Amino acid sequence: MKNEYLTKNPNQTKKIGEVLAKKILKTHLRKGAFIIGLEGDLGGGKTTFLQGFARGLGIKEKILSPTFVIMKKFKIRVDSCSNSRRFVYFYHIDCYRIQKPKEILDLGFREIISSPKNIVAVEWSDRIRKILPRGILILKFEFIDKNKRRVKCTG
Ligand code: ADP
Ligand code: MG
């Protein structure tokens, strides 16, 4: 993944998500889940990015801003050839409304991130930094104007 992208519409942002998802499916096996954190402006495109990301994982259900649910679990549906690491589930977590990291721990977070079967995307990951492993991929979303967004990649 490049360090920085400037996108001009939601579809471009989705496309970056889709490409990243397909790359992650090809990564080598490691200890725990593959975790990405999404940070930055409200309306910056984090959920939009994850809609494309989920498409890259063969997920057909809609990815929404989880207003009432903090966490949603999806089954990854791609052929075993493109999913050599055999990921099984995609977890979409949104920390926008939480008061403290314990609310995420209470959902079984430690177990979820310890399984190499899982891909976990956390919106507003800066709010639970204390309970996240170090060195995970962090994407920062910046609102530039009505249709322009900057996506920066760190870690
Ligand atoms: P967040 O999850 O970061 O709060 P959302 O993805 O929910 O942001 O919202 C982004 C909003 O901005 C959506 O309504 C989307 O259609 C709009 N938008 C306009 N241009 C872009 C762009 N280039 N990338 C992503 N979203 C965009
Ligand atoms: Mg969102």
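Residues numbered from 1 in each chain as written. Chains lettered and ligands numbered in written order. Predicted model: local features only at pLDDT ≥ 70, side-chain atom pairs only at ≥ 80, totals over all residues. Heavy atoms only, no water.

Enquirer: Quick question: what am I supposed to make of the overall build of the chain here?
Expert: Counting its regular elements, the chain contains four helices and seven strands. The C-alpha atoms of the chain give a radius of gyration of 14 Å, which matches the 15 Å a tight globule of 155 residues would have. If one aligns the C-alpha atoms of the chain with their principal axes, the spans along those axes are about 40 × 40 × 30 Å. Burial statistics for the chain: of 155 residues in total, 45% are counted as buried. (Helix = DSSP H or I, 4+ residues; strand = E, 2+ residues; numbered from the N terminus. Rg over C-alpha atoms; globule rule 2.2 N^0.38 Å. Buried < 20%, exposed > 50% of the residue type's maximum accessible area, 1.4 Å probe, protein only.)

Enquirer: What am I meant to see in the coordination of the magnesium ion (ligand 2) here?
Expert: Six octahedral donors around a metal ideally make angles of 90 or 180 degrees; four tetrahedral donors ideally make 109.5 degrees. At 2.2 Å from the magnesium ion (ligand 2) lie its protein donor atoms, namely Thr47 (OG1) and Glu123 (OE). Of this pair, Thr47 sits in helix α2 (residues 46-56) while Glu123 sits in strand β5 (residues 118-123); the two residues are 76 residues apart in sequence, bridging distant segments of the chain. Like Glu123, Thr47 is buried. (Donors = N, O, S within 2.8 Å, 3.2 Å for Na, K, Ca; no water.)

Enquirer: Got a minute to help me understand the packing of aromatic side chains in this structure?
Expert: In this description, a pair of aromatic rings is defined by centroid distance and the angle of the planes. Applying the stated rule across the entire model yields five aromatic pairs. Note on Phe53 and Phe90: the rings are 5.5 Å apart at their centroids and 45° apart in plane angle, and the pair reads as tilted. Taken together, the residues span a long stretch of sequence, with Phe53 in helix α2 and Phe90 in strand β4 (residues 89-94) at a distance of 37 residues. Residues Tyr96 and Trp124 carry aromatic rings whose centres are separated by 4.9 Å and whose planes lie at 35° to one another, so their mutual orientation is tilted. Of the two residues, Tyr96 is situated in the loop between β4 and α3 (102-105) and Trp124 in the loop between β5 and β6 (137-145); the sequence distance between them amounts to 28 residues. On the basis of relative accessible area, Tyr96 is assigned to the partly exposed category, the value being 33%. By relative accessible area, which is 11% here, Trp124 ends up buried. Here a set of aromatic residues connected by ring pairs shows up, and it is made of Phe49, Phe53, Phe74, Phe90 and Phe141. A cation over an aromatic ring shows up here: Lys46 above the ring of Trp124, its NZ or CZ 4.3 Å from the ring centre. (Phe/Tyr/Trp six-rings, centres within 6.5 Å; stacked < 30°, edge-to-face > 60°. Lys NZ or Arg CZ within 6 Å of the ring centre and 35° of its normal.)

Enquirer: When you look at the site of ligand 1 in this model, what are you seeing that I'm missing?
Expert: Near ligand 1 lie 18 residues; those nearest to it are Thr13, Gly43, Lys46, Thr47 and Thr48. Within the backbone of Asn9, a nitrogen or oxygen atom sits 3.2 Å from a nitrogen atom of ligand 1. Protein chains bury 76% of the 570 Å² of accessible surface belonging to ligand 1 in isolation. When atom positions are compared with the pocket grids, ligand 1 is found to occupy the largest pocket. Within the residue set of the shell around ligand 1, elements represented by two or more residues are α1 (10-25) and α2. Within the shell around ligand 1, the residues separate by chemical class into two nonpolar, ten polar and six charged. (Near = heavy atom within 4 Å. Polar contact = N/O pair within 3.5 Å; in protein donor to acceptor, adjacent residues only side chain to side chain. Areas by Shrake-Rupley, 256 points an atom, 1.4 Å probe, with all protein chains shown as cover. 1 Å grid on protein atoms, 1.4 Å probe; cavity = no way out; pocket = protein on both sides within 12 Å on 5 of 7 lines; lining within 4 Å. Sits in = over half its atoms within 2 Å of the grid points. Nonpolar A, V, L, I, M, F, W, Y, C, P; charged D, E, K, R; others polar.)

Enquirer: Explain α1 here, please?
Expert: Within an α-helix, residues lying three or four positions from one another point in the same direction, as the helix has 3.6 residues per turn. Between the first and last C-alpha of α1 there are 23 Å, a value that for 16 residues agrees with the 22 Å anticipated at 1.5 Å per step. Those residues of α1 lying buried are Thr13, Ile16, Gly17, Glu18, Leu20, Ala21, Ile24 and Leu25. The elements touched by buried residues of α1 are β1 (4-7), β2 (34-40), α2, β5 and β6. Among the residues of α1, the N-terminal cap falls to Asn9, whose side-chain oxygen and the backbone nitrogen of Asn11 are separated by 3.1 Å. (Expected span 1.5 Å × (residues − 1). Contact = heavy atoms within 4.5 Å.)

Enquirer: What is the right way to read the pattern of salt bridges from this model?
Expert: One side chain can pair with another of opposite charge once the charged atoms of both are near each other. On inspection of all chains with the given rule, the structure shows eight salt bridges. Two residues, Glu18 and Arg55, come together in a salt bridge whose shortest N-O distance is 2.9 Å. Of this pair, Glu18 sits in helix α1 while Arg55 sits in helix α2, and the two are 37 residues apart along the sequence. With a relative accessible area of 42%, Arg55 lands in the partly exposed category. Here the residues in one salt-bridge network are Lys15, Glu18, Lys22 and Arg55, joined through shared partners. (Salt bridge = Lys/Arg side-chain N within 4 Å of Asp/Glu carboxyl O.)

Just distances and angles here, no functional claims.
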